[in-house]
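Chain and residue survey
Listed below are the residues making up each chain.
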Amino acid sequence: MVEVYGLLVGAYSRSEYLIKSFREFFKKKLERDELRKRVLEEARRIVELQVEAGLRYVIDGMLEWHDLLRPIAENLAGVEVDGLARWFDNNAFYKKPIITGRIYRKGGILSEYVYPGLVSPGRWKLVLPDPYTFISLSENRSGLKNDDLLFQYAEALNSELLELQKKYTLGQVQLSAPSLVWRRLDKDVLEVVGEAVAEMLKGVVAEKMLYVYFGDGLNALPTILDYEVDVVGFDLTYTNIILLAEYDVERIALGIIDGRNSLREDAEVVIKKIDKYLDKREPETLYVTPSCELEFLPVDIADEKVKLISEILGRIGGGE
Amino acid sequence: MRLFPTQEVGSLSRAPFLKKITPSVIEETKRWGEKLNVEELDRLLSILKKGKMTSEDEAILYDYASLFAIRFFESAGLDVVWDGEQKRVEMYEHPLKYVEGVKFLGVVKVWDAEFYRKASFTDSPILVRPYHLEEFLFVKSKARREVKIPLTGAYTLADWSFDEYYIRKYLDLDDPVQARLKAKEEMVLDIARKIIRPNIVSLVEAGARRIQIDEPAVTSKPWEVPLMVEALNESIKGVNAIVTLHVCYSDYTKLFPYIADAKINQVSIECANRDSREPGLSDEARVGYGVVEYFREYARWLEVAPGVIDVHTDFVEPSELVRDRLVYVAKRHGDESKIIACNDCGLRTRSWDIAYMKEKNLVKGAMMAEEFFK
């Protein structure tokens, strides 16, 4: 019997009010404490929405993550933050990390960016960039080899994860890995990345998930199935579900709700597609997720997508 | 024929008086008005001085802003001018306000605290009325130089929007990439035919001879460059005008070879931003202009308008640097008659003082480059 649950896979959309609050803060017209208060109000709402929707693990919204790499780039030794670069094929940009020397953890990285206290113990989901995505989207001015940087990054983040684990009961740790599928990589590159992923997640007791998106999951299959993670997730706005079903994935996340388009999918059509997959495969666990972060949608539309996942879970007897 | 003609690219920051009116704003307006020889300046100053403004006064202010910007570029000596988009808010929301079948859904973050109001196509689009016509007619009535009107292209309008209409018929496909591509193709071409072309036709019928189509989104999905080119051709089908494609802050190599199929006259690209500030004609000094090789190889007949003025810095390019950039591009291209001198992009983020100095040096540098080839 397949257990079906729902999940989000990355940062939530900021409301117009919150975006403008950040703008006021940057212009020094809003105090840090007031900004934090507004962020926490929205984060609380986003957490409640996910709990009501019956999602298995819950993100805290990641509302202060200006991009997936920023909190890490700003707090790792050996890394600086530079100008804007395009975030894959989106009309959205991230600030490019510049690697200037050996990467290591000089202190807490995420403490200012996460709010695990908003989530019940054991249900908090933390999302981080996988080693290859972080390093490949950075500019390496360190003179060090990229392979060495992968492991330095993995080691630094592992230390951060173990520190967080001491304080909080994490439910799931997701490594977001768009760069693994954006272009097809050589098998030996993917294998080295697998070792770095293992290093990064060593000793983590929460469920470990790798999520590949903004590219065809087939680009990284079957190699990523050997990674030391519990769940592997795919962006079905890029990956053909029938071809994906050729591979046996014990615990799989199907990014079947389009996180970049406002059209609210018909639950029946989505369920039919999931059934197509289940006709061919019977995973132990199946997660229904958006294809990517919901931050590309206006917040009302993002809310609708969460409710849609809830509706789908309700119809097929899944969820918490 | 004149070598290295000069032209602007689009925006200019707001005229000095399009803000809260204070004595210093009035003084600044007077300074610019006199410097640019703006006609009927006293009338504007008396409106500014009277305090409370009617909506009619505000409309007059926008006309004056447009006039100031036209005179700004003319006074700097540019050959082809526009009004610095003084009456526009931005390049996405404004056009779509004039389209039925489109619904604005809310804001989305672009980076940090930058955002835009994103719309969804919920039906086949219908143009309510051409949205740049009045603006063009005003500029045309005032300009003493040739006019080029910029407008946002079909590809960018589609790429920056959601699709709740075209995708519907492809939702059953197992291959999501094919589904999205087919829907996108229909969407982009529909916008080109139903929105952009009618706008361009109305402008040309009203006397526009130069059209600039802005497509900043084009290289974000390099595999869709051929679609952008197809849309460009649909947008200008049967149009008798000089057409410029403007792309900036992108990997221009992705335009090739497809851009050779575009039935346009010019390509305007940002280059100064990626160039060094050192004078000279060496490849190292002119590191921002290597892309001209692609034009030489794939589309030699196209005019190239490489930005020789960086619009994101207050550094005022000396005229010698402008000259060297143009001479380098012309030599590398092999046909100096195909090179236009212009800015990287619109000057919206620069003060008028800085922008004016930059434009003066653009013109002077272009004349020096022309001298070089004589």
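Use the structure listed above.
Residues numbered from 1 in each chain as written. Chains lettered and ligands numbered in written order. Predicted model: local features only at pLDDT ≥ 70, side-chain atom pairs only at ≥ 80, totals over all residues. Heavy atoms only, no water.

Attention now goes to the overall build of chain B. For chain B, the helix and strand inventory stands at 11 helices and 12 strands. Taking 21 Å as the expected radius of gyration for a compact globule of 374 residues, we find that chain B reaches 21 Å, a close match to that expectation. Each principal axis of the C-alpha atoms in chain B carries an extent, and together these give about 65 × 55 × 40 Å. Classification of the 374 residues of chain B by burial places 59% in the buried group. When contacts within chain B are restricted to residue pairs at least 6 apart in sequence, those whose partners lie at least 24 apart make up 76%. Of the roughly 15,000 Å² of accessible surface on chain B, a fraction of 50% belongs to carbon and sulfur atoms. If the 55 positive side-chain charges of chain B are averaged to one point and the 61 negative ones to another, these points end up 3 Å apart. (Helix = DSSP H or I, 4+ residues; strand = E, 2+ residues; numbered from the N terminus. Rg over C-alpha atoms; globule rule 2.2 N^0.38 Å. Buried < 20%, exposed > 50% of the residue type's maximum accessible area, 1.4 Å probe, protein only. Contact = heavy atoms within 4.5 Å. Areas by Shrake-Rupley, 256 points an atom, 1.4 Å probe, with all protein chains shown as cover. Lys, Arg positive; Asp, Glu negative; His and termini not counted. Charge placed at Lys NZ, Arg CZ, Asp CG, Glu CD.)

What follows is about the sheet that holds strand E2 (residues 76–86) of chain A. All names here are of chain A. Taken in spatial order, the 3 strands of this open sheet run E2-E3-E5, and their pairing is mixed. Every other strand in the sheet has two partners, leaving E2 and strand E5 (139–140) as the edge strands with one partner each. The sheet contact formed by E2 and strand E3 (residues 93–105) spans 8 bridges and is antiparallel. Note on E3: the bridge partner recorded for leucine 84 is lysine 95. Most of the contacts of helix H5 (residues 146–167) go to E3, to which it runs at about 90°, and overall it touches E2, E3 and E5. (Pairing = 2+ DSSP bridges. Axes fitted to C-alpha atoms, helices over the stretch in contact; angles between N-to-C directions.)

Here we come to the pattern of salt bridges. All names here are of chain A. With the rule as written, the count across this model stands at 63 salt bridges over all chains. Here glutamate 311 and arginine 315 are joined by a salt bridge, their closest N and O atoms 2.8 Å apart. Of this pair, glutamate 311 and arginine 315 both sit in helix H10 (residues 299–316), separated by 4 residues, roughly a single helical turn. Of the residues examined, glutamate 311 reaches a relative accessible area of 27% and is grouped as partly exposed. Residues joined in a network through salt bridges with shared partners are Arg264, Glu268, Glu304, Glu311 and Arg315. (Salt bridge = Lys/Arg side-chain N within 4 Å of Asp/Glu carboxyl O.)

The next subject is empty space enclosed by the protein. What the rule picks out here adds up to 4 cavities of 30 Å³ or more. In this model, the largest cavity occupies a volume close to 110 Å³. As for the largest cavity, its lining consists of A:His66, A:Asp67, A:Leu68, A:Trp87, A:Ala92, A:Phe93, A:Glu295, A:Phe296, B:Lys109, B:Val110 and B:Trp111. No other element matches strand E3 (residues 99–111) of chain B, which puts 3 residues into the lining of the largest cavity. The residue makeup of the lining of the largest cavity, split by class, is 7 nonpolar, 1 polar and 3 charged. The calculated volume of the second largest cavity comes to roughly 50 Å³. Along the walls of the second largest cavity sit A:Gly10, A:Ala11, A:Met62, A:Trp65, A:Asp67, A:Leu68, A:Val127, A:Glu293 and A:Glu295, which together make up its complete lining. (1 Å grid on protein atoms, 1.4 Å probe; cavity = no way out; pocket = protein on both sides within 12 Å on 5 of 7 lines; lining within 4 Å. Points joined across faces, edges and corners; volume = space filled by probe spheres on them. Nonpolar A, V, L, I, M, F, W, Y, C, P; charged D, E, K, R; others polar.)

Residue and element names in this part refer to chain B. With respect to the element layout, arginine 144 can be found in the loop between helix H5 (133–142) and strand E5 (146–147). According to the relative accessible area criterion, arginine 144 is exposed, its value standing at 57%. Linking arginine 144 and valine 80, residues 64 residues apart in sequence, is a C-alpha distance of 9.6 Å. In contact with arginine 144, not counting residues within four places along its chain, are Glu39, Arg71 and Glu74.

Read these as geometric descriptors, not functional statements.
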